[in-house]
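# Structural features, examined
Letter by letter, the chains look like this.
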Amino acid sequence: MKNVWRPIWIMTFASLAAWAAALVIVRTVPPAVAQSTAEPAPAASEPEGAADDDGPIGAPVAPKEELPPDLRQSADNNVSFPVDI
């Protein structure tokens, strides 16, 4: 008969080792690596509002003609399912 306790002890020590490794990683990672919620300071080379002085980028967008709801296609009308013949 095989020893039943050997895999139990191996799994116990492996789980404790993984737990200890995770604890060490959490304790040693500096807080500077964590994501900051503070807003970054503006760059010193650009004065404030410099990006707003530039014109729009790209071609002008033409206004779209608004259709009534019954003429618009909904997502339900565009669904197709493959059929096995």
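Structure shown above.
So, how was this worked out
- Residues numbered from 1 in each chain as written.
- Predicted model: local features only at pLDDT ≥ 70, side-chain atom pairs only at ≥ 80, totals over all residues.
- Heavy atoms only, no water.
- Helix = DSSP H or I, 4+ residues; strand = E, 2+ residues; numbered from the N terminus.
- Buried < 20%, exposed > 50% of the residue type's maximum accessible area, 1.4 Å probe, protein only.
- Areas by Shrake-Rupley, 256 points an atom, 1.4 Å probe, with all protein chains shown as cover.
- Patch = residues over 30% accessible without salt bridge, like charges linked within 9 Å, V, L, I, M, F, W, Y side chains within 5 Å.
- Salt bridge = Lys/Arg side-chain N within 4 Å of Asp/Glu carboxyl O.
- Phe/Tyr/Trp six-rings, centres within 6.5 Å; stacked < 30°, edge-to-face > 60°.

### Observations concerning the overall build of the chain
Helix and strand counts for the chain come out as two helices and zero strands. Here the chain, with 85 residues, has 0% of them falling under the buried criterion. Carbon together with sulfur atoms contributes 63% to the accessible area of the chain, which is approximately 9100 Å² in total.

### Things to note about a nonpolar patch on the surface
On the surface, Val4, Trp5, Ile8, Trp9, Phe13 and Leu16 cluster together into a nonpolar patch covering about 670 Å² of accessible area. Its location among the elements puts Ile8 in helix H1 (residues 5-28).

### Some points on the packing of aromatic side chains
The description of an aromatic ring pair rests on the distance of the ring centres and on the angle between the ring planes. Counted according to the given criterion, the structure contains one aromatic pair. With 6.0 Å between their ring centres and 25° between their planes, Trp9 and Phe13 make a pair best called stacked. Remark: Phe13 and Trp9 occur in helix H1; sequence separation between them is four residues, near one turn of the helix. The partly exposed category is assigned to Trp9, whose relative accessible area is 47%.

In short, shape yes, function no, at least from these values alone.
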